[in-house]
Amino acid sequence: MKPVLSTGGISEAALVREQGGWVLAGSIGSAVLGFVFWGLAARLFSANAVGIAGSIVGLSSLATSIGILGLDNGLVRYAPRASRPRALMWRILLVGGGLASVVGLVLSLVVLAVSNDLAVLQILPALVVIAVVQTTSQTCFQITDASILAARKSEYLAYRAVSYGIAKIILLFALLSEGVVGLSAAYTLPLLVVMLVSLFLVRRVWPLQNERGVPVRLRELASLSAGNWLSGLVYSLPSRVGPALLLIFIGSAPTSYFFIALQLAEVLNYIPESVSKSLYAHGSIRDRLPASLTASMRRLLAAILVPMVALGVVLAQVAMTILGGTQYGAHSLALQLFLLATLPKAGIQIYKAQFNVDRRPLALIVLGGTLGVSTVAFFLVGLLLRVNPDWLPLAWVLGGTLALGVGWWLSRRKAPSEPEPQSAVTERPGPPA
């Protein structure tokens, strides 16, 4: 048969699936290689080293959430209509990266010093330097990630995610004799290199001057970015502070079991996050997010996640044993609970995309705040009651279920948003081919 070119436009759902597929491919590649990295770390390093390194990762992620001010989400929303998209990204890099560096320095110095772990105090300066570099690199990585996503060039996200995963595994073997410092450096240095390379990718996805765009100032991003910042900060708070709190209250060895289980379950969260990012980027360009499209994505996520969670719960002990040996396999209950918590978080991700496109920063704050605050509250109650650490992830299940109900309630109380300038909506250019 002769090939026939289609004259019809690609459907909205197909476009979201295409871009979301690339984001998901990068997330899966990153997750699989992350499995390998932390599995090797659990085998090659002591449980104390894994617990300390995991706490640094959590602290750096928390510092990134604080310092980035939600500007990466604002960039996704406004980059397609900016007259100078590259300049806008550089301003966001300067503000977000600088502030995150300071926050990372303060957080790592305070938490690691308070831990009173002798092994930590002996190498405190090196760990603090690594935490600051990791925080700055991660912040800039997220901002360039948003720029590439807004340009609908998600294939680049997949390429660099895989490059980072492979590089840190190679470096892990090279720094094997350096203990916890080597483990943390193996995680951090490839991130720094990939982030620097990503800065050059921006030249390929956005023009220096967009003649059909309109000037965009940072203060125009403030309202939406503030909502995303506060929402993202409290949304990610449990996963960021959980390992650090365990390090302070219980010790580094139990923290390693908790952290590995959290990382294993996190791979399933990449699936709804990928769909949410694609929905957000698509809705920002089209300036709307139809209810039929979000309903379609919910059905897709349910069809994917429910069987995967069920299988993961059954095979949790096997997975933990493969990664870290029998001492990790004995703590499979933590992984089972973290897996169950991914189901309500999938629905929350769809609500986040919807509220972003609808420009409802207050709804974002309430949604993220409910999840973060309630989860941390349940977690602290468990710590104070000296609950078995393997049961502490139940806080993630309870907090996620409560936040999902709040998201459903907020979606039924949709507030009208103010229209944007006509030139910014009807003449929105795409990135160069």
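See the structure shown above.
All figures in this text were calculated on a predicted structure; none of them were measured in a lab.

Enquirer: Residue-level account of the side chain of Ser239, with values.
Expert: Relative to the helices and strands, Ser239 is located in helix 9 (residues 218–249). Classification of Ser239 by relative accessible area gives buried; the value is 15%. Among all residues touching Ser239, those that are not within four sequence positions of it are Leu262 and Trp396.

Enquirer: Give me the environment of Ala261: which residues, what numbers.
Expert: As for its position among the elements, Ala261 is in helix 10 (residues 252–286). Ala261 sits in the buried class, given a relative accessible area of 0%. It is 8.9 Å that separates the C-alpha atoms of Ala261 and Leu333, two residues lying 72 residues apart in sequence. Residues contacting Ala261, with those up to four places away along its chain left out, are Met320, Ala334, Leu335 and Phe338.

Enquirer: Would you mind going over the environment of Ser198 in detail, with residue names and values included?
Expert: Mapped onto the elements, Ser198 comes out in helix 8 (residues 179–205). Along the backbone, Ser198 and Thr144 are 54 residues apart, and their C-alpha atoms lie at a distance of 6.7 Å. Here Ser198 is in contact with Thr144 and Arg160, once residues within four sequence places are set aside. Side-chain polar atoms of Ser198 contact the backbone oxygen of Val194, separated by 2.8 Å.

Enquirer: Outline the nonpolar core, supporting the account with residue identities and numerical values.
Expert: Trp38 and Phe379 are the most contacted members of the largest nonpolar core, which has 100 residues in total. Per element, the largest residue contribution to this core is 13 residues, and it comes from helix 10. Those residues in contact with Phe379, other than ones at most four positions away along the chain, are Gly242, Leu245, Leu246, Phe258, Leu392, Ala395 and Trp396. Ile348, Tyr351, Ala363 and Val406 belong to the second largest nonpolar core, which has eleven residues in total.

Conventions and cut-offs
Starting afresh in each chain, residues are numbered from 1 along the sequence in its written order. Totals for whole chains, interfaces and linings use all residues, but because this is a predicted model, local features are given only for residues with pLDDT of at least 70 and pairs of side-chain atoms are given and counted only at 80 or more. Hydrogens are left out, water is left out, and the side-chain values use all remaining heavy atoms of the structure. Here a strand is any run of E in DSSP of at least two residues, a helix any run of H or I of at least four, and the numbering for each starts at the N terminus. Accessible area is worked out with a 1.4 Å probe on protein chains only. A residue is then buried under 20% of its type maximum, exposed over 50%, and partly exposed in between. Only heavy atoms matter for contacts: two residues are in contact if any of them lie within 4.5 Å across the pair. Any pair of N or O atoms that falls within 3.5 Å is considered a polar contact. Within protein, one atom must be able to donate a hydrogen and the other to accept it, and sequence-neighbouring residues count only if both atoms are side-chain atoms. The set of buried Ala, Val, Leu, Ile, Met, Phe, Trp, Tyr and Cys residues whose side-chain atoms join them within 4.5 Å is what this entry labels a nonpolar core.

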